[in-house]
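Now for the letters of each chain:
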Amino acid sequence: MSEVRAAIAQARTIVVKIGSSAITDLDTGIDHARLDSLVDALEARMRAGSDVVVVSSGAVGAGIAPLGLKKRPADLATKQAAASVGQLKLAQAWDASFSRYDRTVGQVLLTADDVSNRAHHANAQRTLDRLRALHAVAVVNENDTVATNELRFGDNDRLGALVAHLTVADALVLLSDVDGLYTGDPRKPGPDGKPARLIAEVAGPEDLDGVIAGSGGALGTGGMASKLSAARLAADSGVPVLLAAAAQADRALADASVGTVFAARPQRLSARRFWVRHAAEALGRLTIDAGAVDAVVARRRSLLAAGVTGVSGGFSSGDVVELAGPDGVVCARGVSSYDADDIADMAGKSSDDLPSDYSRPVIHADQLVRT
Ligand SMILES: Nc1ncnc2c1ncn2[C@@H]1O[C@H](COP(=O)(O)OP(=O)(O)O)[C@@H](O)[C@H]1O
Ligand SMILES: N[C@@H](CCC(=O)OP(=O)(O)O)C(=O)O
């Protein structure tokens, strides 16, 4: 067995994210039989000594049938109404299923701000830790009914990876309706007419060359692209990932012998750099010239005012901003040393031409993370 599979099989704390398609059905809502067999596998893993945190999608999926809707709603208000009906049913279903084992369940609904704001972050972390200490299973989802389009996690694969970071988990398991990562969408033939192939292990980004990450099913949100970016996020925090079918949850959780595994980077990013790169909301953008892109990306230098060509957003010093090159492509994120208005005045000026109050770099190298 590969080292990555062994690490996942032996992980002490494990976050298991379950996709909508694994536990809900458009016509009938929650599939209780499938949920029960998932809980059987989760309970077995807990009895073997692991702490498990569940990230469960399915609120919108579970609300569709009770509201008499025919398909996953596209507009925000109906999606939120469906989530409000469905989340109640989902939490009840998890509770009922775990109660077969006398196991207590706690519902944790997070908004993006709970993770991007460092003070709230500590709060969410404490709640998850305390539930774990009290031997209750946390069932986490996005607080869909209050989240707006601008401030969302985007999808629960990302939420799963962020929760893995928050709980300093040793592994993240993504359970879906597909049994792993394929070279292309397994529902379609590849560009060469041949069927897509399952990839057993992704050691690094080079193994993803040529892979086509397609969209999801009728109930899923992000499709394969969101799973790949969640795997990258988890890798940055030192957490290996297993992507497998929910129907194979027993094997996925018992010995990680199915699906696709993604290796973690050998050294996890520090909590601060992880926050700058992945968790914080960028409150503005600095456009920088080609020389500054080279300094920041290739030479890992601080960003000086001379290389800034444009400023957007109403951010303050201490906020996270994106850096984009002349082509508009974001190349880094960092913590700004100044307010947006000050940078607009400083832009393009060399350090010698700036008053002494403005002698610090716009973003210090220690506060910059390449994307
Ligand atoms: N390269 C790929 N490998 C595997 N599945 C893929 C790929 N491209 C697209 N898919 C589709 O992504 C779907 C899973 O995404 P999604 O529906 O969002 O799942 P979930 O609800 O579990 O989050 C699969 O059903 C599969 O058809
Ligand atoms: N928070 C949403 C889930 C969004 C989502 O990412 O769904 P999925 O792609 O099925 O994991 C819900 O509970 O319906």
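Labelled according to an unreviewed UniProt entry, the protein chain appears under the name Glutamate 5-kinase, originating from Gordonia phosphorivorans. Per its UniProt entry, the protein chain bears the Sequence similarities (unreviewed entry) comment "Belongs to the glutamate 5-kinase family." Turning to the protein chain, the UniProt annotation filed under Pathway (unreviewed entry) states: "Amino-acid biosynthesis; L-proline biosynthesis; L-glutamate 5-semialdehyde from L-glutamate: step 1/2."

Enquirer: Help me understand the nonpolar core, please; the structure alone is not making it clear to me.
Expert: Counting residues in hydrophobic clusters, the biggest one holds 107 residues, and the most contacted among them are Val54, Leu172, Val173, Leu175, Ala234, Val241 and Leu242. Among the elements that make up this core, the one with the highest residue count is helix H9 (residues 223-236) (seven residues). For this core, the domains that each give at least three residues are domain 1 (3-274) and domain 2 (282-370). Residues in contact with Leu175, not counting those within four places in the same chain, are Val16, Lys17, Ile18, Gly19, Ala22, Ala244, Ala245, Ala246, Ala249 and Ala252.

Enquirer: Just to check I follow, could you spell out the sheet that holds strand E6 (residues 137-142) for this structure?
Expert: Across the sheet, which stays open at both edges, the eight strands sit in the order E5-E6-E4-E1-E7-E11-E12-E10 with mixed pairing between neighbours. With one partner strand each, in any of the chains shown, strand E5 (105-110) and strand E10 (201-202) form the two edges of the open sheet. With five bridges joining them, strand E1 (residues 13-18) and strand E7 (residues 171-176) adopt parallel strand pairing. Opposite Val16, over in E7, you have Val173 as the bridge partner. Each of E1 and strand E4 (51-56) touches helix H3 (residues 32-47); the most contacted strand, E4, lies at about 155° to it.

Enquirer: I tried to follow the packing of H3 against helix H5 (residues 76-99) on my own but got confused; where do I start?
Expert: Axes are the key here: two packed helices are described by the angle between their axes and the distance separating the axes. Running from N to C, H3 and H5 cross one another at 55°; their axes reach a closest spacing of 9 Å. In this view, H3 runs oblique relative to H5, as classed from their interaxial angle. As for how H3 packs across H5, the hand of that crossing is right-handed. Contact residues: His32, Leu35, Asp36 and Val39 in H3; Ala93, Ser97 and Phe98 in H5. Counted by class, the contact of H3 with H5 contains four nonpolar, two polar and one charged residues.

Enquirer: Would you explain the packing of helix H8 (residues 156-166) against H9 in this entry?
Expert: Contact geometry for H8 and H9: axes closest at 8 Å, N-to-C directions at 10°. As the angle between them shows, H8 and H9 are arranged roughly parallel. Residues Asp157, Arg158, Gly160, Ala161 and Ala164 of H8 touch H9, and the partners they reach there are Ser226, Lys227, Ser229, Ala230, Leu233 and Ala234. Partitioned by chemical class, the residues of the contact of H8 with H9 number five nonpolar, three polar and three charged.

Enquirer: What's the story with the UniProt feature "binding site: substrate" (unreviewed entry) in the protein chain in this structure? I'm lost.
Expert: If you check UniProt for "binding site: substrate" (unreviewed entry), the listed places come out as Ser57, Asp144 and Asn156 in our numbering. With the annotated positions falling across 100 residues, the maximum pairwise C-alpha distance of 10.9 Å places them together in a single cluster. Inspection of the secondary structure puts Asp144 in the loop between E6 and H8. Among residues more than four places away in sequence, those in contact with Asp144 are Ala59, Val60, Gln80, Ala83 and Gln87. If we skip the residues at most four places from it in the chain, Asn156 touches Lys17, Val55, Ser57 and Glu142.

Enquirer: It is not clear to me how the domain arrangement of the protein chain should be interpreted in this structure. Could you clarify?
Expert: How big an interface is tends to be reported as the loss of accessible area on association of its parts. By domain assignment, the protein chain separates into domain 1 (3-274) and domain 2 (282-370). Domain 1 and domain 2 are separated by 35 Å when their C-alpha centres are compared.

Enquirer: Can you walk me through the site of ligand 2 in this structure?
Expert: For ligand 2, the set of nearby residues contains 17 residues, the closest of which are Ser20, Ser57, Ala59, Val60 and Thr221. Those elements that provide at least two residues to the shell around ligand 2 are helix H4 (59-64) and E6. Ranked by residues supplied to the shell around ligand 2, first place goes to H4 with three residues. Its residues assigned to classes, the shell around ligand 2 shows three nonpolar, 11 polar and three charged.

Enquirer: What am I meant to see in the UniProt feature "binding site: ATP" (unreviewed entry) in the protein chain here?
Expert: In this structure's numbering, the residues bearing the UniProt feature "binding site: ATP" (unreviewed entry) are Lys17, Ser176, Asp177, Thr221, Gly222, Gly223, Met224, Ala225, Ser226 and Lys227. Topologically, Lys17 is positioned in strand E1. Here Lys17 is in contact with Val55, Asn156, Asp157, Gly160, Leu172, Leu174 and Leu175, once residues within four sequence places are set aside. The topology assignment puts Ala225 in helix H9.

What counts, and where the lines are drawn
Residues numbered from 1 in each chain as written. Chains lettered and ligands numbered in written order. Predicted model: local features only at pLDDT ≥ 70, side-chain atom pairs only at ≥ 80, totals over all residues. UniProt positions renumbered as here; feature names shortened; annotations may be inferred. Core = buried A, V, L, I, M, F, W, Y, C linked by C-beta atoms within 7 Å. Buried ≥ 20, exposed ≤ 12 C-beta atoms within 10 Å, placed from the backbone. Helix = DSSP H or I, 4+ residues; strand = E, 2+ residues; numbered from the N terminus. Domains from an automatic or database assignment. Contact = placed C-beta atoms within 7 Å. Pairing = 2+ DSSP bridges. Axes fitted to C-alpha atoms, helices over the stretch in contact; angles between N-to-C directions. Parallel < 35°, antiparallel > 145°, perpendicular 65-115°, else oblique. Left-handed = near helix turned anticlockwise from the far one by under 90°. Nonpolar A, V, L, I, M, F, W, Y, C, P; charged D, E, K, R; others polar. Near = placed C-beta within 6 Å.

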